[in-house]
Amino acid sequence: MANVTEIDEEILKPRTDKRQYRRIVLGNSLQVLLVSDLDTDKSAACMRVSIGYFSDPDGCEGLAHLLMRALLLAYASETYPGEDSYSQYIIEHGGYTEGAVSSNQTNYHFNINNDCFEEALERFSQLFNKPLMSTEAAMREIKTVESAYQNYLLSDERRMHQLQKHLSWESHPYHRFGIGNWYTLDVRPKAKGLDIRQELLKFYEENYSANLMHLVLYTKESLDEIQNLVENKFQVIRNSNQRGFQSTGLPFKSEHLMILVKAVPIKERHKLTVAWPITPSRHHYKEGPCYYLTRVIGHKGEGSVYHTLQKLGWATGLKAGEYWWTSEFSFFQVIVALTDAGHEHMQDIVGLLFKYIQLLKQTSVCKRVFEELSAVCETKFHYPDKIQPLNYVIRIASNMEKYPPKDWLVGSSLLSNFNPDVVHMFLREFSPENVRIFWESKKFEGDTDKVEPWFGTAYTVEKITTSMIQKWMSSAPSDNLQLPAPNMFVPTNLSLKVAQEKVKFPVLLRKSSYSKLWYKPDTMFSVPKAFVKIEFNCPHVRDSPQAEVLANIFVQLLDDYLNEHAYDAEIAGLDYSISRTDRGFEVTVFGYNDKLNTLLESVVDKIANFEAKPDKFSITKARLWSTTKRQTSCHLIVITKVKRVLGVFPIDAWFWLRLLHWCWLPKWVPFRWFEAREVELKIPMDWLDCWEMTTKGINNFKYENPSLLAIEYCSLILRDIRWPWKEKLDVLPHLEVEDLVKFTPIMFSRVLLECFIAGNMERDEAISIIQHVESIFFGGSNPKCQPLFPSLHLTNEVVKFGRGVSYLYSIQGLNPNNENSALLHYIQVHRDDFILNVKLQLFCLIAKEPAYHQLSSIEQLGYINDFYRRIDFGIHGVVFLIQSTVKNPRDIDSRVEAFLEMFENKINEMTNDEFRRNVNALIDIKLEKHKNLREESGFYWREIINGTLKFDRREAEVEALRQVTQQEFIDFFNEYIKVGSHRKKTLSVRVYGKKHLSEYRSEKSEPLQMHSLRIDDILSFRRSQPHYGSFKGSFSNMKL
């Protein structure tokens, strides 16, 4: 066996980090970092190969992407010839696996239960040692790549990214189309006489060499034991001493610089991106020049570019930072979300930005700002939140290629060298001669003369000159531009407080007619951080569509008022959010506890003293509506890569905040607001901005993917306190600022505060926080709020479907240009119960990989192909969600039922040993400890806000799992899941896209099968159905 070199080199790690690290280099030149964590309950590995789509051969765009998918998902090897056996093993043992391809790297990673790590690592190592790839598997993955490409076609982010690449030197790999599609991976190779399987194997042989790989392993075993695993399993990877991708210089010639690109997006939005190709800052990571420039250019306070634009009503968001970099070039971009008025002042905005950059060039680099950043970076590094092992190994593997070994953990996150010369060197690259400006708007439709070939984006290119930019600078607003003021949120006291009592679960610390305070001191994580969540339960936000829209506007205005604080707080490690909930709205503050109360007091003060500024509101309603109809909001933020444990879809954490309240947009989302330049300036800009933003948010919903529409319709059908987006859109034209002025006191007329405080905070501090909030809202002779009447508490929240009934809701997709259709097949199972919970979770664990393999890999129904548990206020169910151009929703529905019939055979044939292995895998997952305070607090908050209060849920469900027999599980399946069961309750939401409209019309005219019910009007249906009672119930009868 080849020699192994153990490098005795100190690796800089956080002061609080108890893990052990060791760097080794195998005889085949594979660089490895070993991480031993005695406390971990999950193991993980990441292999980073220094090859990406920059290395795609000409005429086979997307080959690196296809190879990643073929290895990961259609994988077989000489040792494990069963196709898909690797991913199946990972999923069946509580794990998750994925890959990712970028310009010059490909990542493969997985996590798994500790006791299965060795075998998983054996299977993982085979990906890089003589894999088998059948022609059939390769063709299936090409279809998946094509499905992904079709899904991306309507993504403005993808389209603009490809347009920026398209406007570069054609001979440079940056110009390439890295995703690939059916044409690049099948049609064109066949026309050239190429066998795509042979091309895959050739690409693999020429590029996958051990000297181009970096491996990180993370488990609970000792470093010596981990090293032994590595030597046994990874030494066999061949080293052909490949050089990897060799850069060909910068991707731009003179014709690609000093350009103004006008592009037409899918969604109607105004967005301005000013970009400069620059030297990657990673070459100066100790000096942090882009950290500094991001801070000063992106700040939101007095004298900033954004503050000036916001005052003028020209912008609603600004982001600055370094993006998309290789070792030779990256981009510094300033992205501005424009209002209609801002769109008309593009030249002034670009001029203002260059004016600010000129200020930076002419003044000294501010040491105070650098030292603030340095102090915050040091605090964040030495007092981090522990993250999931999978995320940790991915991050380290990324750093291994970029930084020397001693900085593999820290990367570029510590600034230590104050060097003004380096900052000014970067500023010199922020010149008119080096700029590329991308301007997006629907207003450019019909005025373009070019089309990007892969995504079909219409655009036109205009050359700009230095004299033009100087002219724009001279006409730009002459506000008093300045550097950011001292940041009042930078923590200085990082001491840990001794908990007066070692409580395992939250306790109800205080209860009054105004509020409830739940409290849990930190007994696990030993970090100087705290978590505060306050829900304002305001029943009147549910009164009507108008009330819901006004509440959304209120929340957005409130968020906007706090914008200046938000940026500084985020820089200093303090996060806050204000979001709508079904019951009202909630405030979350999390981070270093030293200055947390300062931020919380600012938030509470803005809520208590909210003012809609009701000046004259005179605008023609017709023009207002027509303008709004032409406008749409920016993108609905959808987190597409969510860790799914047991197939659990995080409905509260993800969809609840991003989709159920899609007309509320968080502070970090760029959006455009209503054009006010043609109306009287006495109209309050804040109202107009939020009016437009809310209208755009609702109106723009039609542009979302059919799969998201299906989720929204499912929620409308299930949840009794939702108003349809069309009804909210209908009320908007009639709303004026006076409506918000009248609504706000009504909303606050009856309020209950539900609060949870956790972390590095003493009980007396927690009590003083809620007492302070109570005094503001309920104190004095004329209080802003009154306590909630018991009758105003929610009693019914979720529709209760009838046993043995299949409900059907079919609708045409809202975007006439989207060919995709979607099916959401929902099975409602039970109300929260430990025994039933674990049986449903077992079903999801056992069925998840077979469902994906059959419906996605084998039948190729669609790229979006998901299977997860859904929980609505304690009501549990399971969902199949598939988006497709291949089959219409009715046919997909039949394929889902065919899978369930096939799966019935699987569980009936399952041996008792197989069943116990799945039970044990689920137990291991449930026993996995919370990784950090935020994760733990989120778990407890869900119990509090849903009213279930089962803080020992995981322990109780583990005990229930240990008692479940195989026959009980089969009986559960037969009763609740089996096709044709007389107790089964099913809802099919079918969204028909452009490609399947004839099938939609056919379905609507056909009679239903027995025991089926078509839903025509959602509100009428909801009102006619029984409901599950709320776990919250009356406040006075609240279960404790």
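This is a predicted model, so every value here is computed, not measured.

### Structural notes on the overall build of the protein chain
Along its length, the protein chain carries 34 helices and 30 strands. Relative to its full complement of 1040 residues, the protein chain shows a buried share of 63%. Looking at the protein chain alone, contacts between residues at least 24 apart form 83% of all its contacts between residues at least 6 apart. For the protein chain, the computed accessible surface area is about 37900 Å², with 49% contributed by carbon and sulfur atoms.

### Observations concerning the sheet that holds strand β26 (residues 864–872)
The mixed open sheet is built from six strands, whose spatial order is β26-β27-β25-β28-β24-β29. With partners counted over all chains shown, the strands left at the sheet margins are β26 and β29 (1012–1014), one partner each. Ignoring which end each strand starts from, the neighbouring axes of this sheet average 20 degrees apart. The pairing of β26 with strand β27 (residues 875–884) spans nine bridges and is classified as antiparallel. Bridge pairing in β27 links aspartate 866 to leucine 881. The sheet contacts of helix α28 (residues 889–909) involve β25 (821–831), β27 and β28 (985–992), and relative to β25 the element is tilted by about 45 degrees.

### Here's the deal with the pairing of strand β24 (residues 806–812)
Burial of β24 is extensive: five of the seven residues sit out of reach of the surface. Pairing of β24 with β28, which is carried by seven bridges, proceeds in the parallel orientation. Pairing of glutamine 812 across the sheet is with tyrosine 992, part of β28. In this structure, β24 lies alongside β29, joined through three bridges in parallel fashion.

### Regarding the environment of proline 277
Mapped onto the elements, proline 277 comes out in strand β11 (residues 271–278). Spatially, the C-alpha atom of proline 277 lies 9.4 Å from that of tryptophan 325, the residues being 48 residues apart in sequence. When sequence neighbours within four positions are dropped, the list of residues in contact with proline 277 reads Phe252, Leu257, Ser330, Phe331, Glu429, Asn434 and Arg436.

### Points about the pattern of salt bridges
This model, assessed by the stated rule, comprises 55 salt bridges. Between lysine 190 and aspartate 186 there is a salt bridge, with its nearest N and O atoms 3.2 Å apart. Linking lysine 190 with aspartate 186, this pair stays in helix α6 (residues 182–191), spanning four residues, or about one helical turn. The exposure class of aspartate 186 is buried, given its relative accessible area of 6%. The partner of glutamate 957 in a salt bridge is lysine 926, and the shortest N-O contact between them spans 2.6 Å. On the criterion of sequence distance, the pair formed by glutamate 957 in helix α31 (residues 953–963) and lysine 926 in helix α29 (residues 912–926) is long-range, its members being 31 residues apart.

### Brief notes about the sheet that holds strand β12 (residues 315–323)
Read from one edge of the open sheet, seven strands run β12-β13-β11-β14-β10-β16-β15, paired in mixed fashion. At either margin of the open sheet sits one strand with a lone partner, and together these are β12 and β15 (450–451). Relative to the sheet, helix α9 (residues 289–298) contacts β11, β12 and β13 (330–338), its axis offset from that of β12 by approximately 170 degrees.

### Digging into the pairing of β11
For β11, a buried count of eight out of eight residues is recorded, marking the element as mostly surrounded by other parts of the structure. Neither face of β11 is open: one carries Lys271, Thr273, Ala275 and Pro277, the other Leu272, Val274, Trp276 and Ile278, and all of them are buried. The pairing of β11 with β13 spans eight bridges and is classified as antiparallel. Across the sheet, residue threonine 273 finds its bridge partner in β13, namely isoleucine 335.

### Details of the packing of helix α4 (residues 135–152) against α6
In the contact formed by α4 and α6, the axes pass within 8 Å of each other and the chain directions differ by 135 degrees. Between α4 and α6, the angle is such that the two are oblique. Contacts from Met139, Ile142, Lys143, Val145 and Glu146 of α4 reach α6 at Trp182, Leu185 and Asp186. Its residues assigned to classes, the contact of α4 with α6 comprises five nonpolar, no polar and three charged.

### Considerations on the nonpolar core
With 91 residues, the main nonpolar core has Phe536, Phe585 and Tyr713 as its most contacted residues. When residues of this core are assigned to their parent elements, the largest contribution, 10 residues, is made by helix α17 (residues 545–561). Leave out the neighbours within four places in its chain, and phenylalanine 585 touches Ile534, Glu535, Phe536, Cys538, Phe554, Val555, Ile578, Ser579, Arg580, Ile607, Met747 and Phe748. Counting 60 residues, the second largest nonpolar core, distinct from the first, contains Cys60, Cys116, Ile196 and Leu217.

### Examining unusual backbone geometry
In this model, asparagine 241 sits at a positive phi of 50 degrees, which is unusual for a non-glycine residue. One can find asparagine 241 in the loop between α8 (223–234) and β10 (259–263). For asparagine 241, a relative accessible area of 57% puts it in the exposed group. The phi dihedral of methionine 258 falls on the positive side, at around 55 degrees, and the residue is not glycine. Among the structural elements, methionine 258 can be located in the loop between α8 and β10. By relative accessible area, methionine 258 is classed as buried at 16%.

### Digging into helix α27 (residues 834–858)
Here α27 spans 35 Å end to end across 25 residues, near enough to the 36 Å set by a 1.5 Å rise per residue. Most pronounced at alanine 847, the bend in α27 amounts to some 40 degrees, and the proline proline 850 follows within four residues. Of all 25 residues that make up α27, 20 are buried, and the element is covered over most of its length. The residue sitting at the N-terminus of α27 and contributing the capping side-chain oxygen is aspartate 833; that oxygen lies 3.1 Å from the backbone nitrogen of isoleucine 835. Once α27 ends, the next one or two residues include glutamine 860, with phi positive near 55 degrees.

### Examining the packing of aromatic side chains
For the structure on display, the rule yields 57 aromatic pairs. Measuring from centroid to centroid gives 6.2 Å for phenylalanine 585 and phenylalanine 748, while their planes differ by 85 degrees, and the two rings are edge-to-face. Of this pair, phenylalanine 585 sits in strand β21 (residues 584–592) while phenylalanine 748 sits in the loop between α25 (737–747) and β22 (752–759), and the two are 163 residues apart along the sequence. As far as the burial class goes, phenylalanine 585 and phenylalanine 748 line up, both buried. Members of the aromatic cluster, each reached through a chain of ring pairs, are Tyr86, Tyr108, Phe110, Phe117, Phe124, Phe128, Tyr204 and Tyr208. Above the face of the tyrosine 392 ring, arginine 19 is positioned so that its terminal group lies 4.2 Å from the ring centre. Stacked on the ring of phenylalanine 939, the Lys or Arg arginine 954 has its end atom at 5.7 Å from the ring centre.

### Observations regarding the confidence of the model for the protein chain
Summing up the model confidence of the protein chain, the mean pLDDT is 87 and the portion of residues at 70 or higher is 90%. Below a pLDDT of 50 lies the segment residues 614–694, which in the model reaches 240 contacts outside its immediate sequence neighbourhood of four places, other chains included. Here residues 1034–1040 scores under 50 on pLDDT; set against residues more than four positions off or in separate chains, the count is 18 contacts.

### Quick notes on the side chain of histidine 996
As for its position among the elements, histidine 996 is in the loop between β28 and α33 (997–1005). Apart from residues no more than four positions distant in its own chain, histidine 996 is found in contact with Glu819, Ser821, Ser884, Thr885, Val886, Lys887 and Asn888.

Reading the values: the criteria
Residues numbered from 1 in each chain as written. Predicted model: local features only at pLDDT ≥ 70, side-chain atom pairs only at ≥ 80, totals over all residues. Heavy atoms only, no water. Helix = DSSP H or I, 4+ residues; strand = E, 2+ residues; numbered from the N terminus. Buried < 20%, exposed > 50% of the residue type's maximum accessible area, 1.4 Å probe, protein only. Contact = heavy atoms within 4.5 Å. Areas by Shrake-Rupley, 256 points an atom, 1.4 Å probe, with all protein chains shown as cover. Pairing = 2+ DSSP bridges. Axes fitted to C-alpha atoms, helices over the stretch in contact; angles between N-to-C directions. Salt bridge = Lys/Arg side-chain N within 4 Å of Asp/Glu carboxyl O. Parallel < 35°, antiparallel > 145°, perpendicular 65-115°, else oblique. Nonpolar A, V, L, I, M, F, W, Y, C, P; charged D, E, K, R; others polar. Core = buried A, V, L, I, M, F, W, Y, C linked by side-chain atoms within 4.5 Å. Expected span 1.5 Å × (residues − 1). Bend = angle between axes of the 7 residues up to and from the residue. Polar contact = N/O pair within 3.5 Å; in protein donor to acceptor, adjacent residues only side chain to side chain. Phe/Tyr/Trp six-rings, centres within 6.5 Å; stacked < 30°, edge-to-face > 60°. Lys NZ or Arg CZ within 6 Å of the ring centre and 35° of its normal. pLDDT = per-residue confidence, 0-100.

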